[in-house]
Amino acid sequence: MKILVTGASGFVGTHLTGFLLNRKHEVVGLARSLRNKGFSHSKYRFIAADTAQPGPWQEALADVDAVVNLAGRSIFGRWNEAVKTEIRESRILTTRHLVQGLPSGKRVVLISASGVGFYGNRGDEVLTEDAPAGDDYLAGLSKDWEGEALAATAKGARVVLARLGVVLGKGGGAMAQMIPAFKSFLGGPIGNGRQWFPWIHLEDLSAAMLFLLERPEISGPVNLCAPDPVTNRDFAGALGRALKRPALMPAPAFMVRMALGEFADVLLGSQRAVPKKLQQHHFGFRYPDIQSAVNAVVHN
């Protein structure tokens with residue numbers, strides 16, 4: 001397949017690009033950053049562009065078989081209105097311009113990333129892909145973002161809405177922030193630690209993306225998270241064991257809110273998401289439990 005990947009220079013995009021190339025697929029990488037421009041492979045082409053703006057980059061969509069849309073400003077950090085606008089526009093406008101650039105009548109596959117934040121803060125409720133959207137900022141953004149992607153069905157595309165859990169892998173993402181704290185004996189649960197923590201190992205995420213590309217019978221929302229969600233406290237315990245450090249330094253909710261403002265609700269919220277569709281289609285997880293996943297990140 002010839003696959004266009006937006007956000008190709010990011011943490012997930014870089015790993016996915018290499019994963020696809022190693023399996024003999026052709027990849028067009030698209031990103032604002034030039035960091036990945038030097039990815040050396042005969043089947044790799046890089047395009048630097050701001051996908052929140054229409055432009056010549058859309059011409060690359062004319063002859064691809066699939067698109068994996070990972071573009072979007074990071075949500076991590078303190079939010080203000082300007083940041084929230086940038087987070088929203090980087091996702092909504094990129095997806096809109098992708099759909100505009102897709103050829104009509106061609107059976108292209110569009111996998112558009114979303115997140116389990118779609119469900120909002122749902123406590124202990126088990127969340128399959130059938131669960132409705134939440135009512136906070138991130139849930140509203142995810143719902144609108146998915147709506148832009150679904151517009152591609154009018155052009156004949158098969159659309160998969162990939163609702164990602166927290167991605168665990170080496171060299172970036174959440175673990176790059178947490179491992180140094182635990183090594184310094186400052187690691188522990190966030191808030192009361194009872195909130196559910198949906199996660200997926202980076203290798204399983206890339207494998208699941210290819211699995212979805214190759215299964216024409218799958219469309220609509222798909223939870224990309226491991227089959228064994230854990231509480232934040234249990235995740236902290238697993239990371240502590242892997243690093244041989246205690247996980248006894250909780251970050252009280254009021255301190256998290258003081259430091260991060262509205263974004264704190266993302267860390268303190270609970271989504272007990274499970275990958276019902278992936279399991280129904282017999283996807284095999286390499287890292288189905290949290291301890292094996294954390295051990296792989298820390299020790300491999």
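This write-up is about the structure you can find in this document. Here the structure is a predicted model, which means the values were calculated and not measured.

Thoughts on helix H4 (residues 173-183)
- Along H4, the residues that are buried comprise Ala 174, Met 175, Ile 179 and Phe 182. Taken around the axis of H4, the buried residues stretch over an arc of 115°, which confines them to a single face.
- In this structure, the buried side of H4 is in contact with strand S8 (166-168), helix H6 (232-243) and helix H10 (290-299).
- Within two residues after H4, Phe 185 carries a phi angle of roughly 65°, on the positive side.

Here we look at the pattern of salt bridges
- This structure, assessed with the given rule, holds twelve salt bridges.
- A salt bridge links Glu 86 to Arg 73; its shortest N-O distance comes to 3.4 Å. Taken together, the positions of Glu 86 in helix H2 (residues 81-101) and Arg 73 in the loop between strand S4 (66-69) and H2 put the pair 13 residues apart, joining distant regions of the chain.
- Of the charged contacts in the structure, one is a salt bridge between Arg 96 and Glu 148, with a shortest N-O distance of 2.7 Å. With Arg 96 in helix H2 and Glu 148 in helix H3 (residues 137-150), the pair connects residues that are 52 residues apart, well separated along the chain.
- The exposure class assigned to Arg 96 is partly exposed, which follows from its relative accessible area of 35%.
- For Glu 148, a relative accessible area of 18% gives the class buried.
- It is possible to trace a salt-bridge network through shared partners that takes in Glu 81, Lys 84 and Glu 262.

Cut-offs and rules
Residues numbered from 1 in each chain as written. Predicted model: local features only at pLDDT ≥ 70, side-chain atom pairs only at ≥ 80, totals over all residues. Heavy atoms only, no water. Buried < 20%, exposed > 50% of the residue type's maximum accessible area, 1.4 Å probe, protein only. Helix = DSSP H or I, 4+ residues; strand = E, 2+ residues; numbered from the N terminus. Arc of directions from axis to C-beta. Contact = heavy atoms within 4.5 Å. Salt bridge = Lys/Arg side-chain N within 4 Å of Asp/Glu carboxyl O.

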